[in-house]
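What follows is the residue order along each chain.
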Amino acid sequence: MRRISSLAMTMKRRNYLWRLHPPPPSKEASSSIKQSKTTKVSNSKFNFNLNDNVYIRPKSIKEFGISGRIVDIVSSISSGSTTTSAIIEGNSTKKRRLEDIRVSIQQSHNGNIKVGVRPSRLFPIYESSNDKEETLIIITPDTTNYRQLATSHLTVSDKVLEIGCSTGECTALVLRRLMLLYNSNNLHHQEQKTNVQTGSICAFDIGSDMVEQASSRVHSEFNALQQHSHQAADLQMPSYTDMIQFHKVDALSDPKRAYTHATTNTTSSTNNQSSKAAPNVILIDIGGNRELKGVVQMIDWVQSTFSQNDDDSVRVIIVKSESLAEELAKSTQSTIEEEEKKIEADSSTVQQQLTVMDNGIINQGQEWFTSLLSSFSTNTTSSTVATNHQRRAPTYNHPLKAPLVLSPKDDKTAICRFHNYDIDGCKNGTRCPYDHQYCHWCRQVGHTALNCHLSSKLICNLKYA
């Protein structure tokens, strides 16, 4: 009862602006660069206007990656058309687009203006309204956009919580971005002799092997960046433990410990103080093909946990989930069909009001999510099993290709996929933190997916490479 009342109070106090990225195809967007009265520009994916906040995608990992505001749009060719030129490399001929538009960006970290930027390099930085109590939630279905969103929306002092760090690819990109921002801001403030507060990362994963691999990868990245920083300028860099912490924890099964880790201010170690600082940027990637219920429960945990106090201010939540994006598409399509049939709108039916605008904003997004969360709360395990009985079991050439499925015993612990799909079983045995009791496919006890009477003839039993 306490959690429900707390969540209800949270929803009244905090607003959420939901977005889909990339946004739906727009009639204005095309494969060419457009310009109208030097106030609007488009690349092949996004539309931009004067004063929009954007991120200039770096050409290589050595580049800084500038974020800032569009202050000017200039046509470099009077005809206003986009042409191509042929570049001969060996025996092949490549076509390069000659963009007839250039934009000027006022950089956010130092105020300098960078001119002559190609629109094709621009990536949007989404913002919430001026309401300080509004949190931006961005849904994206793929890894590339997820990582670009994560890096482009960072500021120098952000406290980042990454839920589902896996082997640390995204974590390393976030660390690189924070360190480059720190270096750039320090150089800018050296004359004033002022200190710049560095950002930090708290990364979660439920697998010990994943945490170890991520820590090793990110530590190597940190050492390389630190060495480069010392060569570039005599800067006092923060230590590795000040900037990054990894924890093996499942926020759904152990929310108290997860909250403790997430709110520990790692930068306070330099001052020998124990303080708490809630994250203001939260990244959620708990498996691109993980079942929808687990993703929805994780978003619910984030919303109810980090919006309870007035001091907590989560600026942006970025969610990578194919299943959630697909559910949104189904829900909006259902709304369109109902409108076409001219069914009277029912104020109690959220989906009839759900729309995704051309800029990606999801109208009634929080209401849709609350309705989705409620549907999982009312569904029983038996109805879930019945649904699985009606579907054909997929084939997997590796256990980890199977989606993460939560155990019916607590709806928090994942069912072990190696135990279910590896012909040799799970090598970790009793040390494995995952559930070995329930079948991954039918969610009944007493057998594995390989031996399930519903799927034994359909699941590939060949040993993976």
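A brief structural summary. (Residues numbered from 1 in each chain as written. Predicted model: local features only at pLDDT ≥ 70, side-chain atom pairs only at ≥ 80, totals over all residues. Heavy atoms only, no water.)

Further remarks concern the overall build of the protein. Helices and strands together make up the secondary structure of the protein, namely 11 helices and 19 strands. Counting the 465 residues in the protein, one finds 46% classified as buried. Long-range pairs, those at least 24 residues apart, make up 66% of the contacts in the protein between residues at least 6 apart in sequence. With the model as given, the accessible surface of the protein reaches about 23,900 Å², and the carbon-plus-sulfur share is 48%. (Helix = DSSP H or I, 4+ residues; strand = E, 2+ residues; numbered from the N terminus. Buried < 20%, exposed > 50% of the residue type's maximum accessible area, 1.4 Å probe, protein only. Contact = heavy atoms within 4.5 Å. Areas by Shrake-Rupley, 256 points an atom, 1.4 Å probe, with all protein chains shown as cover.)

With that settled, the discussion passes to the pattern of salt bridges. Summed over the entire model, instances satisfying the criterion amount to 7 salt bridges. Its salt-bridge partner being lysine 293, residue aspartate 411 comes within 3.0 Å of it at the nearest N-O pair. Note that aspartate 411 is positioned in the loop between α10 (381-390) and α11 (417-421) and lysine 293 in helix α7 (residues 292-305), a separation of 118 residues in sequence. Residue class for aspartate 411 comes out partly exposed when judged on its relative accessible area of 24%. Classification of lysine 293 as buried rests on a relative accessible area of 18%. (Salt bridge = Lys/Arg side-chain N within 4 Å of Asp/Glu carboxyl O.)

So, about the environment of serine 407. Here serine 407 lies in the loop between α10 and α11. For the pair formed by serine 407 and arginine 443, sequence separation is 36 residues and the distance between their alpha carbons is 7.3 Å. Aside from chain neighbours lying at most four places away, what touches serine 407 is Lys412, Thr413, Ile415, Asp435 and Tyr438. In this structure the side chain of serine 407 is engaged in a polar contact, spanning 3.5 Å, whose partner is the side chain of aspartate 435. (Polar contact = N/O pair within 3.5 Å; in protein donor to acceptor, adjacent residues only side chain to side chain.)

Take glycine 199: it is sitting in the loop between α3 (169-189) and β14 (200-205). In the structure, glycine 199 is positioned 43 residues away from valine 156 in sequence and 5.7 Å away in space, judged by C-alpha atoms. Not counting the four nearest positions on each side in its chain, glycine 199 is found in contact with Val156, Ser157, Asp158, Leu178 and Met243.

Looking now at the sheet that holds strand β1 (residues 15-20). Strand order in the open sheet formed by 7 strands is β1-β12-β17-β16-β13-β14-β15, with parallel pairing between adjacent strands. Looking at the sheet topology across the chains shown, the edges are occupied by β1 and β15 (244-248). Pairwise comparison of adjacent strand axes, ignoring direction, gives a mean angle of 15 degrees for this sheet. Inspection of the sheet shows strand β13 (residues 159-163) paired to strand β16 (residues 281-284) by 4 bridges, in the parallel sense. (Pairing = 2+ DSSP bridges. Axes fitted to C-alpha atoms, helices over the stretch in contact; angles between N-to-C directions.)

Time to look at unusual backbone geometry. The amide bond that connects histidine 21 to the next residue, proline 22, takes the cis arrangement and shows omega of -5 degrees. Relative to the helices and strands, proline 22 resides in the loop between β1 and β2 (34-35). Here the phi dihedral of aspartate 411 falls at roughly 55 degrees; this positive angle occurs in a residue that is not glycine.

Attention shifts here to the packing of aromatic side chains. Aromatic ring pairs: the centre-centre distance and the angle between the two ring planes describe each pair. Overall, the coordinates contain 7 aromatic pairs when judged by the stated rule. Measuring from ring centre to ring centre gives 6.1 Å for tryptophan 18 and tryptophan 368, while their planes differ by 85 degrees; the resulting arrangement is edge-to-face. Here tryptophan 368 lies in helix α9 (residues 365-378) and tryptophan 18 lies in strand β1, a separation of 350 residues in the sequence. The buried category is assigned to tryptophan 368, whose relative accessible area is 1%. With 5.5 Å between their ring centres and 85 degrees between their planes, tryptophan 301 and phenylalanine 306 make a pair best called edge-to-face. Residue classification places phenylalanine 306 among the buried residues on the basis of a relative accessible area of 0%. Members of the aromatic cluster, joined through ring pairs, are Trp18, Trp368 and Phe369. (Phe/Tyr/Trp six-rings, centres within 6.5 Å; stacked < 30°, edge-to-face > 60°.)

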